[in-house]
Amino acid sequence: MSQFARSPVTAVLGPTNTGKTHLAVERMCGHASGMIGFPLRLLAREIYDRVVRLKGVESVGLITGEEKILPPKAKWLLCTAESMPLEREVAFVGLDEAQLGADPERGHVFTDRLLRARGYAETMILGSDSLKPMLKSLVPDAEIIGRPRFSTLSYAGAKKLSRLPRRSAIVAFSAEEVYAVAEALRRLRGGAAVVMGALSPRTRNAQVAMFQAGEVDYLVATDAIGMGLNMDVNHVAFASLSKFDGRRQRRLTVAEMAQIAGRAGRHQKDGTFGALHDEGPSAFTPEEVLALEAHKVPRLEYLYWREGEPDFASIDALVASLEAKPHEEVLRAAPEAVDLAVLKRLAEEDWVRARVRSPQMVARLWAACGLPDFRKLGVDPHARFVGRLFGHLSEANGHVPHQWFADEIQRLDNISGDVETLAGRIAAARSWAYIAHRADWLQDPIHWAERTRAIEEKLSDALHASLTQRFVDKRTTVLLRQIGADASNLPVTIGPEGEVSVEEHPLGTLEGFRFTVQPDARAADKRMLLAAAEKRLAGEYRKRGEALIEAPDHELTLVPRPSPERGVEWRGHPVATLKPGTNRVRPRIVLDRALDVLDPQARTAIQARLEAWFAAQITRHLPVLAKLDATCRDPEAGGSLRALANALLDAGGLLPRRAAAALVEGLDADARKRLRAIGITIGTLDLFAPTLLKPAAARWRRELMALAEAPPEGSTVLPRNAPGADLAHGFRPLGAQAVRVDLVERIARAAHDARQGRKPFVPDPALATSIGLTPETLARLMAQLGFKTARARESEPQLWIWQGLTPVAKPKAAPTDNAFAVLAGLRSG
């Protein structure tokens, strides 16, 4: 065992969702060169794309078993752990998910990299807290840094598939289970994206993009998502809590549960986890829940090890070195991996021993045995394939025959078949891609690497389309071909509440343009019933589309959404979303995806109808904003007026004067006159349109601006902590109260009219009292208007004394008939 250190070693340990990988990438990019080893090809590819954006394609390399992008000037390398070129001198070396050293199948690789992979300037090991005792024993000089999770992870209980929240990831532990869950979600919730470690990066990225874009609300995945793949998941649901680890079916460890559950939430956004079953072996125990929520995972007691620099003197020496026992107490000999099992099978062949008579040929044989069993054939079938490969590598010029390679990959160049068939071809293509990326195994490796890459991408695109068709699109051609010709003659009825039924069998519900399949429809009849309903619904969709185009204004409403965006509903059903556009009154109206069932001509007509409706509603309910919009686009309005109109439009017609002081000062007399004609009052403290404060206009304005909390209708003065007691709703906060801005201006005008130059005066308290202002609020307002208190008589108790806007003395009792002295003249529009 070779263990040496050429640089300080830093170990960053902690639960998932702590940004450890991001930290390592930042550190690597700060050095002149570097490499990071990852547990998955998918993750290596994801980080490669990120670093390329930072450093440029010519400076970054990607090395995995099946893919190699290595420009001549590459300084930063992203690799799978198995493919890290340890002989390469780089400043920085990182190893991600180092706790996988305890994995029986691949653990010895991660342990070897933990012990031997070093950068000459810095080395960083990333992993779980469970790795800490191993590091203290194996790398005692390592500096261990704890990295806490940025957000909370909490248990949400068991939920059925039909009740899972949106943005959920459901984790299963076999391809069959993944497909079954995705199929159920297609029926129950409209579709799901699928992510498995066996998918090519291209297919995986296309599926994740579909989920990230909101085209589907659910993701079904294997435990591959636990290895740092970044997705916006709010909830992780476990379809089961056991998996086959290559030797036996066993329950997940707490560390494995934590790795997967930790994918819920992003950065400082909290996440939840749960199961699909509330009892039995697929349910969490209270102890497991407590450990996961507290991020407490059992400490590792050992790591698996195998000699990383084996003896190539002979086959027997190679086998002996690979089966050697570790010298460290915390290391255990790795279980026999596929590559060693294949080596032993081939070592029994006389022709192999006859050809392997030098260390160079032993190394070549071992390299051939390193070909992964991508197709999961098992040791014996895979050994036969490797044997044929080595036969070619050990004869003539040592190259794989051109014709054999070409014939095999040509056979894979076929995009027909179902999901399982395409996935099988991609697995086979990965074997040939691995061979093509061995520079000394082919006469023209660059050509064949490009050829295998093109085939894998072609198959990946076909697999993505097939997955989407199978698990997302409800009207697939495959489904319709399996339905009898008489299916369209079945009587389909649509009830008053949108319930769809065929011969009294409930099939689903039609809400607006969205059809949801009934989850308890008869399984034996479901395909036929679904096809019949879909054929019938095509006509219903057309009829509803025509009704929407001709819909009167009262059938369309502007409604809030969970996000700052607003939505448009027709008869209570969502039909569009308002996205940010040119300004507040000119948003982009994006049709709901449910309307994709209509033809393009109908969608275009609906788009025009909704745009005309929205413009009419603005003109009707918020004419001031419509006029401001026209002013913004009027070249004759002048620059200052257009700029101020645009600022007012962004603020919904209510703007603090101090925020637009320079623009107001820049207005000439004509511009001020035009602004008043629009309906805008240039107040002492605020610019506002009085009409926008009326109840009907205020409701529309709140919906347009996505203001959540509304003040009671007709309110003039609110408690400071009441809903809507802020300037966004038209109320100016003044101490413990908030006063409607038009009433603030009335008081300001009254004070202006009552004063006589700079002489002290007593304002009429009747107006403030009738509005409901407290003496303290009035004092605050007078101070903001530019006044300070002054004592009328020496016998008066201590009164308010103001220095600018900062009180320097507080009265023992509220003032009653204070006189006010002018500090600054009122600025009037």
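Since this is a predicted model, take the numbers as computed values, not measurements.

S.K.: Hey, could you go over the overall build of the protein for me, with residue numbers and the actual values?
M.R.: Each helix and strand in the protein was counted, giving 27 helices and 36 strands. Across the 829 residues that make up the protein, the buried fraction comes to 52%. A sequence separation of at least 24 residues applies to 67% of the contacts in the protein between residues at least 6 apart. Carbon together with sulfur atoms contributes 51% to the accessible area of the protein, which is approximately 38,200 Å² in total.

S.K.: Can you lay out the packing of aromatic side chains for me, pointing to particular residues and giving the numbers?
M.R.: Ring pairs (aromatic) are described by centroid distance and by the angle formed between their planes. For the coordinates displayed, the defined rule picks out 15 aromatic pairs. Ring geometry for Tyr302 against Tyr304: centres 5.5 Å apart, planes inclined by 75 degrees, an arrangement best described as edge-to-face. Geometrically, the ring pair formed by Trp613 and Trp700 is tilted, given 6.2 Å between the ring centres and 55 degrees between the ring planes. Taken together, the residues Trp613 in helix 19 (residues 600-621) and Trp700 in helix 24 (residues 695-705) connect sequence positions 87 residues apart. An identical accessibility class is assigned to Trp613 and Trp700; each is buried. Between the NZ or CZ atom of Arg167 and the centre of the ring of Phe211, over which it lies, the distance is 3.9 Å. Across the ring face of Trp441, the terminal group of Arg438 is positioned such that the distance to the ring centre comes to 4.9 Å.

S.K.: How would you sum up the confidence of the model for the protein? Please name residues and give values.
M.R.: The predicted structure's coordinates, where accompanied by low pLDDT, should not be read in detail. Predicted confidence across the protein gives a mean pLDDT of 84, with 87% of residues reaching 70 or more. Per-residue pLDDT stays below 50 along residues 1-5; that stretch engages in 16 contacts with residues further than four places along the chain or on separate chains. Note on residues 795-829: pLDDT is under 50 here. Beyond four places in sequence and across chains, it has 83 contacts.

S.K.: Talk me through the packing of helix 9 (residues 315-322) against helix 12 (residues 359-369); I want residue IDs and the actual numbers.
M.R.: Interaxial distance between helix 9 and helix 12 falls to 10 Å at its minimum, and their mutual angle equals 50 degrees. With respect to helix 12, the axis of helix 9 lies oblique. You can see that helix 9 and helix 12 cross each other, and the crossing is right-handed. Contact with helix 9, carried on its side by Ile315, Leu318 and Leu322, involves Val362, Leu365 and Trp366 of helix 12 and no other residues of that element. Its residues assigned to classes, the contact of helix 9 with helix 12 comprises six nonpolar, no polar and no charged.

S.K.: Explain the nonpolar core to me, using residue names and the numbers behind them.
M.R.: Ranked by size, the top nonpolar core spans 70 residues in total, and within it Ile170, Leu343, Leu365, Phe405 and Ile435 carry the most contacts. A per-element tally of this core places helix 15 (residues 419-436) first, with nine residues. When neighbours within four sequence positions are excluded, Ile435 is seen to be in contact with Leu371, Phe385, Leu389, Val400, Phe405, Trp441 and Leu442. In this structure, Trp570, Leu598, Ile618 and Leu628 belong to the second largest nonpolar core, which totals 57 residues.

S.K.: Can you break down helix 1 (residues 20-29) residue by residue, with the values?
M.R.: Each α-helix winds once per 3.6 residues, and so residues spaced three or four apart point in a common direction. Counting buried residues in helix 1 gives seven out of ten residues, a clear majority hidden from the surface. Every buried residue belonging to helix 1 is among Lys20, Thr21, Leu23, Ala24, Val25, Met28 and Cys29, and all of these are buried. Close packing links the buried residues of helix 1 with strand 1 (9-13), strand 2 (34-38), helix 2 (41-55), strand 5 (76-80), strand 6 (92-95) and strand 7 (122-127).

S.K.: For the sheet that holds strand 12 (residues 218-221), give the residues involved together with the corresponding values.
M.R.: Pairing is parallel across the open sheet formed by six strands, whose spatial order is 9-16-13-10-12-11. Single-partner strands in this sheet number two, and they are strand 9 (153-158) and strand 11 (193-195). When strand polarity is set aside, the average angle formed by the axes of neighbouring strands in this sheet is 25 degrees. Across four bridges, strand 10 (residues 168-171) lies against strand 13 (residues 235-238) in parallel orientation. Looking at strand 13, one finds that Ala169 is bridged to Val236. Contacts from helix 7 (residues 254-261) reach strand 9, strand 10, strand 13 and strand 16 (271-275) within the one sheet, and its direction differs from that of strand 13 by about 140 degrees. Of the strands in this sheet, strand 9 and strand 16 touch helix 8 (residues 286-293), which is tilted by about 150 degrees from strand 9.

S.K.: Go over the sheet that holds strand 27 (residues 654-656) with me, naming the residues and quoting the values.
M.R.: Pairing within the open sheet is antiparallel, and its three strands lie in the order 27-29-28. Of all the strands in the sheet, just strand 27 and strand 28 (681-682) have a single pairing partner and so form its edges. Here strand 27 runs beside strand 29 (residues 686-688); their pairing, made up of three bridges, is antiparallel. From the neighbouring strand, Leu655 faces strand 29, where its bridge partner is Leu687.

Calculation criteria
The residue numbers shown here count from 1 along each chain, following its written sequence. Local features in this predicted model are restricted to residues whose pLDDT is 70 or higher, and side-chain atom pairs enter the listing and the counts only when it is 80 or higher, whereas totals over whole chains, interfaces and linings include all residues. Only hydrogens and water are set aside; all other atoms, that is, all heavy atoms of the structure, feed into the side-chain values. Helix and strand assignments follow DSSP, with helices taken as H or I runs no shorter than four residues and strands as E runs no shorter than two, numbered in order from the N terminus. When accessible area is computed with a 1.4 Å probe and restricted to protein chains, residues below 20% of their type maximum are described as buried, those above 50% as exposed, and intermediate ones as partly exposed. Note on contacts: a residue pair qualifies if any of its non-hydrogen atoms lie within 4.5 Å across the two residues. To be clear on the numbers: accessible area is Shrake-Rupley with a 1.4 Å probe, and residue cover counts the displayed protein chains and nothing else. Between 30 and 60 degrees the pair is tilted, below 30 it is stacked and above 60 it is edge-to-face, where a pair is any two Phe, Tyr or Trp rings, Trp via its six-membered ring, whose centres lie within 6.5 Å. Charge-over-ring placement is defined geometrically: NZ (Lys) or CZ (Arg) within 6 Å of the ring centre, and within 35 degrees of the ring normal. Every residue carries a pLDDT, the predictor's confidence in it, which falls somewhere between 0 and 100. With axes taken as lines fitted to C-alpha atoms, and helix axes fitted only over the stretch in contact, angles between N-to-C directions fall between 0 and 180 degrees. Any angle from 65 to 115 degrees is called roughly perpendicular, while one under 35 is roughly parallel, one over 145 is roughly antiparallel, and all others are oblique. Definitions for this section: a left-handed crossing has its near helix turned counterclockwise from the far helix by less than a right angle. A right-handed crossing has that turn clockwise. We call Asp, Glu, Lys and Arg charged. Ala, Val, Leu, Ile, Met, Phe, Trp, Tyr, Cys and Pro are nonpolar, and the rest, Gly among them, are polar. For the purposes of this section, nonpolar cores are sets of buried Ala, Val, Leu, Ile, Met, Phe, Trp, Tyr and Cys residues that join through side-chain atoms within 4.5 Å. Two strands pair if DSSP finds at least two bridges between them.

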